Amino acid sequence: MKILHTSDIHIREYEDDSWRALESLIRVASREKVKFFVISGDLFDEKGSFVKLYPEIRPLLNNVEYEFIIIPGNHDENAFGVDSFLGEKVKIIRSLTEPLEYENLRFFGFPFKNITSGEVRNNLRKIKDLTVGNKTNILLFHGELLDHSFSGSDFGDEEINYMGVRLSFFSNLNLKYILAGHFHTNFQVYEFNSGGFFVYPGSPISITRKETGKRSVNLFEVGSTPSQYPIDTPYYEQIKLTVYSGDKIKTITKIKEKMKELPEQTRVLLSLSGYTEEKEEEIHRQIKELESKFKNLEIENRVRGIERLTEDELFKAFIGKLEKLKSTRQQEIKRLFIKSLLESEE
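Please read these numbers as outputs of a predicted model, since none were measured by experiment.

Reading guide: rules and limits
- Residues numbered from 1 in each chain as written.
- Predicted model: local features only at pLDDT ≥ 70, side-chain atom pairs only at ≥ 80, totals over all residues.
- Heavy atoms only, no water.
- Helix = DSSP H or I, 4+ residues; strand = E, 2+ residues; numbered from the N terminus.
- Rg over C-alpha atoms; globule rule 2.2 N^0.38 Å.
- Buried < 20%, exposed > 50% of the residue type's maximum accessible area, 1.4 Å probe, protein only.
- Contact = heavy atoms within 4.5 Å.
- Core = buried A, V, L, I, M, F, W, Y, C linked by side-chain atoms within 4.5 Å.
- Pairing = 2+ DSSP bridges.
- Axes fitted to C-alpha atoms, helices over the stretch in contact; angles between N-to-C directions.
- Parallel < 35°, antiparallel > 145°, perpendicular 65-115°, else oblique.
- Left-handed = near helix turned anticlockwise from the far one by under 90°.
- Nonpolar A, V, L, I, M, F, W, Y, C, P; charged D, E, K, R; others polar.
- Salt bridge = Lys/Arg side-chain N within 4 Å of Asp/Glu carboxyl O.

### Quick word on the overall build of the protein
Here is step 1: In terms of regular secondary structure, the protein is built from eight helices and 15 strands.
Here is step 2: The C-alpha radius of gyration computed for the protein amounts to 26 Å, which surpasses the reference 20 Å derived for 346 residues by more than 25%, pointing to a less compact arrangement than a globule.
Here is step 3: Its C-alpha atoms put the protein at 85 × 40 × 35 Å along the principal axes.
Here is step 4: Expressed as a percentage of its 346 residues, the buried residues of the protein come to 50%.
Here is step 5: Long-range pairs, those at least 24 residues apart, make up 69% of the contacts in the protein with a sequence separation of at least 6.

Next comes the structure, spelled out in structure tokens:
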């Protein structure tokens, strides 16, 4: 029995990139013949998106052979009211103590609430007597795992200090899988209780520029270890290059080659640093040419023109002495000297 687990899709508009990412995941789920498609919060970016897209999202989620199981996240916390009905194939868990029961599985859901870590722990204790029996117990959760050291960028543009939970909170609860959401950056698995798994799938599409690298979901057989499954959705790729005088042609060639290697949907964030003896106006012109050639390329240009430095008497004197040394490390020493001069000006 297969489960596809994702979160943090953040749909805003009909047929925006996030909508198309969901369509792509639906095709993956059908191809892989899953039994359940789990969304652990933030299917929508806000309540208004759900209301606006209700006529379109309902048929999309019901023209499938499997069931969707969804919990609200911090963005769509108020979207799924008790009267919301998305069709027979869609189950929304609104209460932690009202699990969905199947023949061999039991799904609990902990929808987002603006509560403290202590309150999270106290709420989890309420399900201890509900996880008995021979069924595999699964919890959907949307919040922050306090056992791991996160940075602000790991959650996109989100705040991170809410719904905090520790792996120890799940001790003696007989839970096999914690299918979590809210962490955007990448796929992460943590083992607890010698056989239980806490899983962040990462967002299936780059929501902000902070989420770089090819995206994925959690696709696994019940009873097995969670598994990262790469998907073909838009994502940001960070590339950093350092430019030195004399390397311009080589650098531009490297950029063009890299752009051709990446999938079409990749949004490339290119960071250029270094220096050149050309005028800075010429550098900017060449950057603009690259951006016009590759529409999915964004360039942060920190290359400095050093034409003015080469006319400085101190620079001339240093280079003159360096050339007399006839060292094999002349270029390296020159680069370090120029770097230090440029940094002193900042």
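Having seen it, we continue.
### Regarding the nonpolar core
Across soluble globular proteins, nonpolar side chains show a tendency to be buried alongside one another.
Here is step 1: Core analysis: the biggest nonpolar cluster contains 31 residues, and Leu22, Ile26, Phe37 and Phe68 have the highest contact counts within it.
Here is step 2: Of all the secondary-structure elements, those providing two or more residues to this core are helix H1 (17-31), strand S2 (36-40), helix H2 (47-62), strand S3 (67-71), strand S4 (90-92) and strand S11 (216-221).
Here is step 3: Counting residues per element, this core draws most heavily on H1, which supplies six residues.
Here is step 4: With sequence-adjacent residues up to four places away left out, Leu22 is seen in contact with Ile9, Ile11, Phe37, Leu43, Ile57, Leu60 and Leu61.
Here is step 5: Within the second largest apolar cluster, 26 residues are counted, among which are Leu124, Leu167, Phe170 and Phe192.

### Points about the sheet that holds S4
Here is step 1: The strand order across the open sheet built from six strands is S4-S3-S2-S1-S11-S12, with neighbouring strands paired in mixed fashion. At either end of the open sheet lies a strand with only one pairing partner, and these are S4 and strand S12 (228-230). With direction set aside, neighbouring strand axes in the sheet form an average angle of 25°.
Here is step 2: Two elements, S11 and S12, share three bridges in a ladder whose sense is antiparallel. Paired with Val217 across the two strands is Tyr229, which belongs to S12.

### Regarding the sheet that holds strand S5 (residues 100-101)
Here is step 1: The strand order across the open sheet formed by six strands is S5-S6-S7-S8-S10-S9, and the pairing between neighbours is mixed. Looking along the sheet, the strands with just one partner apiece sit at the ends: S5 and strand S9 (188-192).
Here is step 2: The pairing of strand S8 (residues 177-181) with strand S10 (residues 196-200) spans three bridges and is classified as parallel. Opposite Leu179, over in S10, you have Val199 as the bridge partner.

### As for the packing of H1 against H2
Here is step 1: With their axes 11 Å apart at the nearest point, H1 and H2 run at an angle of 15° to one another. One element, H1, and the other, H2, form an angle in the roughly parallel class. Viewed along their axes, H1 and H2 form a crossing whose handedness is right-handed. Along its contact with H1, which presents Trp19, Leu22, Glu23 and Ile26, the element H2 presents Leu53, Glu56, Ile57, Leu60 and Leu61.
Here is step 2: For the contact of H1 with H2, a count of residues per class yields seven nonpolar, no polar and two charged.

### Observations concerning the side chain of Thr131
Here is step 1: Note that Thr131 resides in the loop between helix H3 (117-124) and strand S7 (136-142).
Here is step 2: By relative accessible area, Thr131 is classed as buried at 2%.
Here is step 3: Once residues within four sequence positions are removed from consideration, Thr131 is found in contact with Arg106, Phe108, Asn137, Leu173, Asn174 and Leu175.

### Focus: the pattern of salt bridges
Here is step 1: Here the structure, examined in full by the defined rule, presents 13 salt bridges.
Here is step 2: With its nearest N and O atoms 3.2 Å apart, the salt bridge here joins Asp45 to Arg12. In this pair, Asp45 is assigned in the loop between S2 and H2 and Arg12 in the loop between strand S1 (2-6) and H1, connecting sequence segments 33 residues apart.
Here is step 3: Asp45 gets classed as buried once you look at its relative accessible area, which sits at 14%.
Here is step 4: Arg12 gets classed as partly exposed once you look at its relative accessible area, which sits at 46%.
Here is step 5: A cluster of three or more residues bridged by salt bridges with shared partners is formed by Glu101, Arg106 and Lys135.

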